[in-house]
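# A look at the structure
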Amino acid sequence: MTATGMNTASKGGGPTHPTWDALRAMPVDEVRRRAAIVADFTGVEPMRVDTAERLAWHDGGGQSTVWYFLPDGRILLLTFDHESPLNLYAEGTYADQQALFDGVPADLRALVQDRPENYESLNIVDTTTGATIHYAGGVFWFDGTHWHIADGLLTHCARESLDLFIESGLDYCLDEYFFDRPDFTAETVVGHRRSEGRYEDEHEDAESEELATLTKAFDRHPRAHH
């Protein structure tokens, strides 16, 4: 499959996909709130990287989502699916990974260059210089007004005939945020997990206990009032 019938990238237009479109339609303060809640109930501590706040999610099996929220309203969003050909860990080089970030502003790229690796973001090393950059399959960014797909990611997917949205793991990596739904509550999350059979093999109070835990996480991050 080609890269999602790719027309030119990003500034308010470009490729469309339900999850991508839902993210672009979500108010940015609500995107940040959901990122904070998901990081909270995933157990990933917020991290300060220069002036950016880093929030993340992982599934414990190799997939992750990482957000960098800057004070000026810009955002860097990275997704990673370890089973995708966009996982350059085994076959790719530092230059290959760096190229996926082409088109992203330099100060946003700097958030993932020569940084300590962590559970969600491992490093790929330039064997010549020792420079490092975080692995990411999906590279997206928000300029304060519009969401963009990194030019380098678009170019790579077009050249390799990859479906960008599938291979970046965007659906799976953003599933926990429910961007396609205006309601995002502890009950939303528990209901979704119930529908997937999460509690079938658990003890009888597992669902109510998880609801109580999630409710506390939601209470720590109330919706902004304007």
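Look up a bit, the structure's there.
Described in the following lines is the structure provided in the data block. What you see is a predicted model; the values in this text were computed from it and never measured. (Residues numbered from 1 in each chain as written. Predicted model: local features only at pLDDT ≥ 70, side-chain atom pairs only at ≥ 80, totals over all residues. Heavy atoms only, no water.)

## Brief notes about the side chain of Thr19
Along the chain, Thr19 turns up in helix α1 (residues 18-25). Leave out the neighbours within four places in its chain, and Thr19 touches Leu170, Asp171 and Leu174. (Helix = DSSP H or I, 4+ residues; strand = E, 2+ residues; numbered from the N terminus. Contact = heavy atoms within 4.5 Å.)

## Focus on helix α9 (residues 206-219)
An ideal rise of 1.5 Å per residue puts 20 Å on 14 residues; α9 measures up with 20 Å between its terminal C-alpha atoms. For α9, the full list of buried residues reads Ala206, Glu210, Leu214, Ala217 and Phe218. The buried residues of α9 occupy an angular sector of 100° when the element is viewed end-on, so they sit on one face. Opposite its buried face, α9 presents the exposed residues Lys216 and Asp219, each directed more than 90 degrees away. For α9, the elements touching its buried residues are α2 (28-42) and α8 (186-195). (Expected span 1.5 Å × (residues − 1). Buried < 20%, exposed > 50% of the residue type's maximum accessible area, 1.4 Å probe, protein only. Arc of directions from axis to C-beta.)

## Section: the pattern of salt bridges
Counting across every chain of the model gives 16 salt bridges. With a shortest N-O distance of 3.7 Å, Glu176 and Arg193 are connected by a salt bridge. Of the two residues, Glu176 is situated in the loop between α7 (170-174) and α8 and Arg193 in helix α8; the sequence distance between them amounts to 17 residues. Between Arg193 and Glu210 there is a salt bridge, with its nearest N and O atoms 3.0 Å apart. With a gap of 17 residues between them, Arg193 in helix α8 and Glu210 in helix α9 connect regions that are remote in the sequence. A relative accessible area of 17% means that Glu210 is categorised as buried. Ionic contacts of the salt-bridge type, sharing partners, join the residues Glu30, Arg33, Arg34 and Arg223 into one network. (Salt bridge = Lys/Arg side-chain N within 4 Å of Asp/Glu carboxyl O.)

## Comments concerning the packing of aromatic side chains
Think of a pair of aromatic rings as described by two things: how far the centres are apart, and how the planes are tilted against each other in angle. Enumeration according to the criterion identifies 11 aromatic pairs in this entry. With a centroid separation of 5.2 Å and an interplanar angle of 45°, the aromatic rings of Phe142 and Trp147 are classed as tilted. We classify Phe142 as buried; its relative accessible area is 6%. Ring geometry for Phe184 against Phe218: centres 4.9 Å apart, planes inclined by 55°, an arrangement best described as tilted. Of this pair, Phe184 sits in the loop between α7 and α8 while Phe218 sits in helix α9, and the two are 34 residues apart along the sequence. For the pair Phe184 and Phe218, a shared accessibility class is recorded, and that class is buried. Every member of this aromatic cluster is reached through a ring pair, and the members are Trp20, Phe140, Phe142, Trp147 and Phe165. (Phe/Tyr/Trp six-rings, centres within 6.5 Å; stacked < 30°, edge-to-face > 60°.)

## With respect to the nonpolar core
The biggest cluster of nonpolar side chains holds 69 residues, and the ones touching the most others in it are Leu23, Trp67, Tyr68, Leu78, Val139, Leu153 and Phe179. Take this core: its biggest share by element is 7 residues, from α2. With residues near it in sequence (within four places) discarded, Leu78 still touches Ser64, Thr65, Val66, Tyr68, Phe101, Val112, Ala136, Gly138 and Val139. (Core = buried A, V, L, I, M, F, W, Y, C linked by side-chain atoms within 4.5 Å.)

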